[in-house]
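In case you want the letters, here they are:
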Amino acid sequence: MMFKAKKRWRLLKNITISSIDELKSVLLENRGIDIDTAQSFLDGEGELHSPFLFRDMEKAVKRIKRAIDEQEHVVIYGDYDVDGVTATAILIKTFRKLGLEPNYYIPHRFTEGYGPNKEAFQHFIDSGVDLVITVDNGITGIEEAKLLKDHGVDLIITDHHEPMDELPDAFAIIHPSVPGETYPFKELSGSGVSFKLACALLDEEVSEFIDFACLGTYADIVSVLGENRTIIKRGINRLMFTSHPGLIALRQIAKVEAINEFALGFIYGPRLNAPGRMDHAELAVELLITKDIEEALFLAEEIEALNNERKALIESTCEEAKKIIEANRFDQDSILVVHHEEWHEGILGIVASRLVDQYGKPAIVLTTSQQGYKGSARTLPDFPLFTNLEKTKDFLVTFGGHKMAAGLTVKANALDHFRQAINSLAVETIPDELIVDCKIDGSIIREEAIKIQEQFRPYGPNNECPRYLLEDVEIVEVRTVGAGGKHLRLQVRIQDKVFTCFGFGFGESSMELTENDTVDLVVELQLNTYLNNTTVQLQLIDMRSTEVQLYDYRTRYFNPNDVESLGFQPIYFNNSFDYPNAVPVHEVNEFHKHILLVDLPEKEDDLRVITSIPYLSKLLVLFRTDDWFGEELLLKREHFVKSYAVYRQFKHFAYDDPRLIRTLKRYRITKNMHKLALQVFLELKFVIIKGKHVTVVDQPEKRDLSESSTFKKMQEQIRLKEKLTLSSTKELKQFLFHTEKDDNNK
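Residues numbered from 1 in each chain as written. Predicted model: local features only at pLDDT ≥ 70, side-chain atom pairs only at ≥ 80, totals over all residues. Heavy atoms only, no water.

Chemist: Honestly, the overall build of the chain in this entry has me stumped. Any pointers?
Modeler: Each helix and strand counted, the chain has 25 helices and 25 strands in total. Here the C-alpha radius of gyration of the chain, 37 Å, is well above what a compact globule of 746 residues would show, namely 27 Å. Expressed as lengths along the three principal axes of its C-alpha atoms, the size of the chain is roughly 135 × 55 × 45 Å. For the chain, buried positions account for 54% of its 746 residues. In the chain, the share of contacts with a sequence separation of at least 24, taken over all contacts with a separation of at least 6, comes to 68%. A total of about 35400 Å² of accessible surface is found on the chain, and carbon and sulfur atoms cover 47% of it. Between the mean site of the 90 positive side-chain charges and the mean site of the 117 negative ones, the chain shows a separation of 10 Å. (Helix = DSSP H or I, 4+ residues; strand = E, 2+ residues; numbered from the N terminus. Rg over C-alpha atoms; globule rule 2.2 N^0.38 Å. Buried < 20%, exposed > 50% of the residue type's maximum accessible area, 1.4 Å probe, protein only. Contact = heavy atoms within 4.5 Å. Areas by Shrake-Rupley, 256 points an atom, 1.4 Å probe, with all protein chains shown as cover. Lys, Arg positive; Asp, Glu negative; His and termini not counted. Charge placed at Lys NZ, Arg CZ, Asp CG, Glu CD.)

Okay, structure coming up:
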């Protein structure tokens, strides 16, 4: 095999799409969208469920309105990620509209950690707080809820994280997926739940807060189908014309040009996360709730500085994590568990996500804390985190989260035991699947297909950007781009059309590719506009090839050092040409999977010994020869006719008769050609040779030159040399590996 795909491909529809209508139908079917709801899905006009479908919503609304009427002391207890700060901002602004200025509290990521904590709740009790409302947390706070109840403080929990077997004893719980909950959509984010509470309190769909809910929902990596799709689509539209000074300032400072998933996930999200990761999330909340644009711009500048610091720290930590993984061979484990005592706790979740992407395995990244080893976990769909962390809780101080992301603290001195335990839950290596919608042919690669795709946005969990399999794609050009050649730029030919294909982070793969290679690609389709010219380009997601990779150095400058790192085994047939460490083919005990051929073989069978090696992966050919224009190449049938006429004229002659040699020379027949011709005529019984003397047979039986074994061998050598030296790279590859396409043998 030439090279393997990075991930295991799962084709949802094993058909090749060639029409736009068929493409649309397949994309809908793959996302579980039936005909009746298809148009509503594509238009993004899904309805928002009534918030009062929550079992405890009416109870919670009544309690909050009593607090507002009586101007009670209310605290909103939030979280430090995007979902948490947007959920907090939604409720603060809602309370303001209803005439009460609540306090809010965001626990410090590094000193307090995620979720309710007794110290903070005791402080609320001591401060005379009447009502605590959690947002994006609280469902695991059993003891904290009891503490408040024992002191007569009411608690309303709004959350979406995985509940424990026991629920907190709270005044009301607004959570879409606790046992017995009647709300129909179970995948809301923390900000989504907070938005629902705001709608219930204001008795309307509060469009002015849906941009906050959109940001929190998208950043928390929950499903983008169902009600979440409606929240995100409406929120994107609202973000373009937002009235919140904080979001206006953030867009201005970050120079946001278009509002889409990229802006949500890579511009707004990281910046709103940065304060909680690098300092304190209160900075993000203050940005979101400020009424003053000047203050908002000042806060946005602070956040931008923190975000730049965060990015640099992530890069260095990722590099350190990779070194630790490889040095300790943790990459052999099913679950990556990596620790460094000096890592910054605030960026470990992002580092874990990067490791999942690179290694295709769940990753748990930890740093040293007072209680043990604290950090974050990210996973793949086949390994739900919360469920599996619960099975290893004997080694944990605390943990919380949901299927795809979690925070945890491992007990001191229990790290190795935890690593073994969590890995034992993965009976076999968890497959990192790459979901591919269908195969497409070249006729689909046009703007109309991308217009169809656009109707499916926003992309995200359960509605990924459509990905397609392109088979038997010919590589036309291979280049690396970006700092240090980090990225790959290909020109590929698909059904006589050439397209540009970019592979971000695929720079190292350039060593695996050469022109005329045939590969299978998984791609996304994108539009690229340059100088007012819009074209469709391919975004490379993964690739593979089952063909042997051919490095053609027949007419190119060759430096052995260029390929030394690839571990080629140098082999020669007849002449080593002094190539270092070259071994004659008949002395090779075991062939490597990467082979370098120094010289030309005399027979095709010798060549097939190499090309038929079942595990051959790379073949580099020099095919050196000191006889590029060998005389056997010049000896044509007309030369045989002329030489035979001369022999008949002389009848009896010595092999090296000077007069004969001069006569042959007039017909451009050299001594070597004369020698070959006599051997052929001897085999055909046209002449008799005794010693140096030759006699021409007077009336020989008529025979064709092809009946001579020497002539046949000579013709085979001529054809072989022509194919091996005069062919194009593509023709050479077809000859070596018989790669002409046969649909019955794919």
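Chemist: I keep staring at the nonpolar core and nothing clicks. Help me out?
Modeler: For soluble globular proteins, the rule of thumb is that nonpolar side chains tend to be buried together. Within the largest apolar cluster, 99 residues are counted, with the highest numbers of intra-cluster contacts made by Ile64, Ile133, Phe195 and Leu355. Broken down by element, the residue count for this core peaks at eleven residues, all from helix 13 (residues 293–327). Of all hydrophobic cores here, the second largest spans 42 residues; its members include Leu23, Ile475, Val492 and Cys501. (Core = buried A, V, L, I, M, F, W, Y, C linked by side-chain atoms within 4.5 Å.)

Chemist: Teacher, can you tell me more about the pattern of salt bridges here?
Modeler: Applying the stated rule across the entire model yields 37 salt bridges. We note a salt bridge from Lys692 to Asp656, for which the minimum N-O separation is 3.8 Å. Of this pair, Lys692 sits in the loop between strand 24 (687–690) and strand 25 (693–696) while Asp656 sits in the loop between strand 23 (652–654) and helix 22 (658–666), and the two are 36 residues apart along the sequence. When its relative accessible area of 52% is taken as the criterion, Lys692 is described as exposed. By relative accessible area, Asp656 is classed as partly exposed at 42%. Taken together, the shared-partner salt bridges connect Arg8, Arg10 and Glu433 into one network. (Salt bridge = Lys/Arg side-chain N within 4 Å of Asp/Glu carboxyl O.)

Chemist: What's the story with the packing of aromatic side chains in this structure? I'm lost.
Modeler: How two aromatic rings sit relative to each other is given by the distance of their centres and the angle of their planes. For the structure shown, the criterion picks out 21 aromatic pairs. Relative to Phe456, the ring of Phe41 lies with its centre 5.8 Å away and its plane at 65°, an arrangement referred to as edge-to-face. Of this pair, Phe41 sits in helix 2 (residues 35–43) while Phe456 sits in the loop between helix 17 (447–454) and strand 13 (468–481), placing them 415 residues apart in sequence. An identical accessibility class is assigned to Phe41 and Phe456; each is buried. The ring of Phe506 is capped by Lys6, whose NZ or CZ atom sits 4.0 Å from the centre of that ring. Positioned above the aromatic ring of Tyr553 is the side chain of Arg556, whose terminal nitrogen or guanidinium carbon lies 4.3 Å from the ring centre. (Phe/Tyr/Trp six-rings, centres within 6.5 Å; stacked < 30°, edge-to-face > 60°. Lys NZ or Arg CZ within 6 Å of the ring centre and 35° of its normal.)

Chemist: Please explain unusual backbone geometry as it appears in this structure.
Modeler: Excluding glycine, residues mostly carry a negative phi; peptide bonds, for their part, are mostly trans. Cis geometry marks the peptide bond from Arg457 to Pro458; its omega dihedral reads 10°. On the secondary structure map, Pro458 appears in the loop between helix 17 and strand 13. Phi angles above zero are rare outside glycine, and Asp496 is one such case at about 70°. One can find Asp496 in the loop between strand 14 (487–494) and strand 15 (497–503).

Chemist: How should I be thinking about the environment of Asp542 in this particular structure?
Modeler: Looking at the secondary structure, you find Asp542 in strand 17 (residues 533–544). Residues Asp542 and Tyr459, spaced 83 residues apart in sequence, show a C-alpha to C-alpha distance of 19 Å. Other than its neighbours up to four places away in sequence, Asp542 contacts Ala5, Lys6, Lys7, Trp9, Leu434, Phe506, Asp520, Leu521 and Val522. A polar contact of 3.0 Å, which involves the side chain of Asp542, links it to the backbone nitrogen of Lys6. (Polar contact = N/O pair within 3.5 Å; in protein donor to acceptor, adjacent residues only side chain to side chain.)

Chemist: Can you walk me through the pairing of strand 8 (residues 363–369) in this structure?
Modeler: One face of the sheet, then the other: side chains in a regular strand alternate in exactly this way. When you tally the buried positions in strand 8, you get five out of seven residues, the bulk of the element. Examined bridge by bridge, strand 7 (residues 336–339) and strand 8 share four bridges and lie parallel to one another. Note that in strand 8 the partner of Val337 across the bridge is Ile364. For the crossover from strand 7 across helix 14 (residues 348–359) to strand 8, the handedness is right-handed. Sheet topology note: the strand 8/strand 9 (residues 372–378) ladder contains seven bridges and is antiparallel. Within the sheet, the bridge partner assigned to Ile364 lies in strand 9 and is Ala377. Adjacent in sequence and paired antiparallel, strand 8 and strand 9 are bridged by two residues. (Pairing = 2+ DSSP bridges. Right-handed = clockwise from strand over helix to strand, strands pointing away.)

Read these as spatial facts, not as claims about activity.
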